[in-house]
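An overview of the molecular structure
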Amino acid sequence: MAAAGTMIGNRVFVVLLILRLSFCPCLVGGTNEYKRQLTLQLNPNSTSVPPGGDLLHVRAVGDNDTLHFLWCSQGAPTLLIVHTNTSNSLVQVNWTQFLSRNVSGGLSVEPQSSIQYSIAVVFSRLLEYDDANDTAMPDSDFFPPYELQNLNWNRLELFDAKARLCGETPEFGNGSLCLTLSVFDSDGRAESWPRLLHSANSSQLEVWLHGIMPRSANSRFLLEMQAVGGDFPLSRVDVRQFIDDEFTPSIFKVSQWVSPVKGGSDVSGYVQWKPVAYRQSNPALEDATPCRYSDPQTQDGNATAASSALIQAFFSQPNITGLNVSFGLAGEPFYNSTRFLSWTMLVGVGAPPVDTFSPIVLAIMAVGLGTPMILLLVGGALVCLHKRRHGSPATYQPIN
């Protein structure tokens, strides 16, 4: 009986421990204790508003390292992240060289010996095609592409740790292409769908196609991006699957364009997204539309540098790969149905954030699995107690 009681006590302790862990964010959902101190500066070291676009510098200082986020609209919109191993590193801009766009070195991070890794993403082109047969196969019937370096980009709008950039062209009609950069001081999750999980080592970019005049009644769009790196460029896309869609309903995958370290499984940097876009600014489940990506391909470094002042200024010998993200599948509504598309991605250094079950889901699982076990164990214990209390059945002496 003592052994049975000990076993019951141990089982109950395990179940209670699971419940305790499920409500402990420090052990399950990650910790928010690590924070970076953010400082925003528009057009650093410039004595006047530079012609042709803005340069935003967000300095994210950690305990013993610094992340420099540089968001630029001089040419094609470009995000550059530089990771240094000191909390004292600084960005220096030579505006004469930077604006000339004919030589590298216009922007540097000092001391250069502190640089651990750098990654940049260039939004190079917006592609549109006529999907008259509703196949969502973007291999023909393309209209002339929108070269994003040629759009008329408005001045950056800053609010909190966010910066919105909107571009226009007469071919858009009254519409625009907008990109919103968000930088974070700690771990967390975005409030709006797809509610990507971010860390203090990542930034989020949200892309909006809003009110753009389509060139056919059956238009679909693709967004072309180019990733720029040094020794370890973003060379492959990994797809991770989950069984939980509580944060992004109906989506069980995440795509990760990663920069693997040669000879190992570690990742230096990444672009991460969920394969879904939305046809409304305040999306509901019925507004979701799938998206797909093409295989990364090596790109011409000179052409990319010529399209982006930030790439030209920082990288001397960039390694570049590019891919397209296409929106919509066969049978999905065309862009003309709402004339709106939003898509969100993360760009960061180190390993990409990994989604886990929320504490609420873990608690439900613990209760659902633990309650039947407790009932069985308690029932078995009661039966044993009942038998011992009433003793064994009476025995009779044999008759000669």
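Owing to the predicted nature of the structure, the values given are computational and were not obtained by experimental measurement.

1. Some thoughts on the packing of aromatic side chains
Tallied over the full model, the rule gives 10 aromatic pairs. With centroids separated by 5.6 Å and ring planes inclined at 50 degrees, the aromatic side chains of Tyr129 and Phe142 adopt a geometry described as tilted. In this pair, Tyr129 sits in strand E7 (residues 115-130) while Phe142 sits in the loop between E7 and strand E8 (146-147), placing the two residues 13 residues apart along the sequence. For Tyr129, a relative accessible area of 2% puts it in the buried group.

2. A short note on the state of the cysteines
Tallied over the entire structure, the rule returns 1 disulfide. Note that Cys166 is cross-linked by a disulfide to Cys178, the S-S spacing being 2.1 Å. Disulfide Cys166 to Cys178: torsion about the S-S bond roughly 110 degrees, handedness right-handed. Here the residue Cys166 occupies a position in strand E11 (residues 162-168), and Cys178 occupies one in strand E12 (residues 176-183), the gap between them amounting to 12 residues. The exposure classification of Cys166 matches that of Cys178, with both residues buried.

3. Focus on the nonpolar core
Among the nonpolar cores identified, the biggest contains 49 residues, and Trp71, Phe123, Met225, Trp343 and Met345 are the most heavily contacted of them. Residues within four places of Trp343 in sequence aside, it is in contact with Leu205, Glu206, Val207, Leu223, Met225, Trp273, Lys274, Val276, Ala277, Cys291, Val325 and Phe327. Within the second largest apolar cluster, 23 residues are counted, among which are Cys72, Trp95, Val228 and Phe314.

4. Here we look at unusual backbone geometry
In this structure, the amide linkage connecting Glu110 to the following residue, Pro111, adopts the cis form with an omega of -5 degrees. Considering the arrangement of structural elements, one finds Pro111 in the loop between strand E6 (107-110) and E7. Backbone torsion omega between Trp193 and Pro194 reads 10 degrees, so that peptide bond is classified as cis. The residue Pro194 is located in the loop between strand E13 (188-189) and strand E14 (197-198) in this model. One non-glycine residue, Asp134, adopts positive backbone phi at about 55 degrees. Along the chain, the position of Asp134 falls in the loop between E7 and E8. Its identity as a non-glycine residue notwithstanding, Ala136 has a phi of 55 degrees, on the positive side. Structurally, Ala136 is set in the loop between E7 and E8.

5. Description of the side chain of His68
Mapped onto the elements, His68 comes out in strand E3 (residues 66-72). Side chain to side chain, His68 and His57 meet in a polar contact 2.9 Å long. Those residues within four positions of His68 in sequence are excluded, and the remaining contacts are His57, Val58, Arg59, Leu80, Ile81, Val82, Thr84, Ser89, Leu90, Val91 and Val109.

6. Describing the confidence of the model for the protein chain
On average, residues of the protein chain carry a pLDDT of 86, and 84% of them reach 70 or more. Note that pLDDT drops below 50 for residues 1-32; the model gives that stretch 30 contacts with residues more than four away or on any other chain.

7. Observations concerning a nonpolar patch on the surface
On the surface, Leu40, Leu42 and Leu158 cluster together to form a nonpolar patch covering roughly 210 Å² of accessible area. Following the sequence through the fold, Leu158 ends up in strand E10 (residues 157-159).

8. With respect to the pairing of E12
Burial runs high along E12: 8 of the 8 residues are buried. Judged by which residues are buried, E12 turns out to be covered on both faces: Ser176, Cys178, Thr180 and Ser182 on one side and Leu177, Leu179, Leu181 and Val183 on the other are all buried. Alignment of E11 against E12, held across 6 bridges, turns out to be antiparallel. From the neighbouring strand, Lys162 faces E12, where its bridge partner is Ser182. With 8 bridges connecting them, E12 and strand E15 (residues 202-210) associate as antiparallel partners.

9. Points about the pattern of salt bridges
For the structure on display, the rule yields 10 salt bridges. Taking the shortest distance from any N to any O, the salt bridge between Asp131 and Arg220 comes out at 2.7 Å. Residue Asp131 is located in the loop between E7 and E8, and its partner Arg220 is located in strand E16 (residues 219-229); the two are separated by 89 residues in the primary sequence. Side by side, Asp131 and Arg220 carry an identical accessibility label, which is buried.

10. A few points about the environment of Leu196
On the secondary structure map, Leu196 appears in the loop between E13 and E14. Not counting chain neighbours up to four residues away, the residues in contact with Leu196 comprise Gly188, Arg189, Ala190, Gln204, Gln272, Lys274, Thr344, Met345 and Leu346.

11. Notes on the environment of Gln280
By secondary structure assignment, the location of Gln280 is in the loop between strand E20 (276-278) and strand E21 (288-293). Look at Gln280 and you get partly exposed, because its relative accessible area is 33%. Sequence-distant contacts of Gln280, defined by excluding residues within four places in its chain, comprise Asp287, Thr338, Phe340 and Ser342.

12. Observations concerning the pairing of strand E19 (residues 267-273)
Counting buried positions along E19 gives 7 out of 7 residues, so the element sits mostly inside the fold. As defined by bridge partners, strand E18 (residues 253-260) adjoins E19 across 5 bridges and the pair is classed as antiparallel. Residue pairing across strands places Gln256 opposite Gln272, the latter belonging to E19. Bridge count for E19 against strand E24 (residues 340-349) is 5 bridges, and the pairing is antiparallel. Among the inter-strand pairings, Gln272 is bridged to a residue of E24, identified as Leu346.

Analysis parameters
- Residues numbered from 1 in each chain as written.
- Predicted model: local features only at pLDDT ≥ 70, side-chain atom pairs only at ≥ 80, totals over all residues.
- Heavy atoms only, no water.
- Phe/Tyr/Trp six-rings, centres within 6.5 Å; stacked < 30°, edge-to-face > 60°.
- Helix = DSSP H or I, 4+ residues; strand = E, 2+ residues; numbered from the N terminus.
- Buried < 20%, exposed > 50% of the residue type's maximum accessible area, 1.4 Å probe, protein only.
- Disulfide = S-S within 2.5 Å.
- Core = buried A, V, L, I, M, F, W, Y, C linked by side-chain atoms within 4.5 Å.
- Contact = heavy atoms within 4.5 Å.
- Polar contact = N/O pair within 3.5 Å; in protein donor to acceptor, adjacent residues only side chain to side chain.
- pLDDT = per-residue confidence, 0-100.
- Patch = residues over 30% accessible without salt bridge, like charges linked within 9 Å, V, L, I, M, F, W, Y side chains within 5 Å.
- Areas by Shrake-Rupley, 256 points an atom, 1.4 Å probe, with all protein chains shown as cover.
- Salt bridge = Lys/Arg side-chain N within 4 Å of Asp/Glu carboxyl O.
- Pairing = 2+ DSSP bridges.

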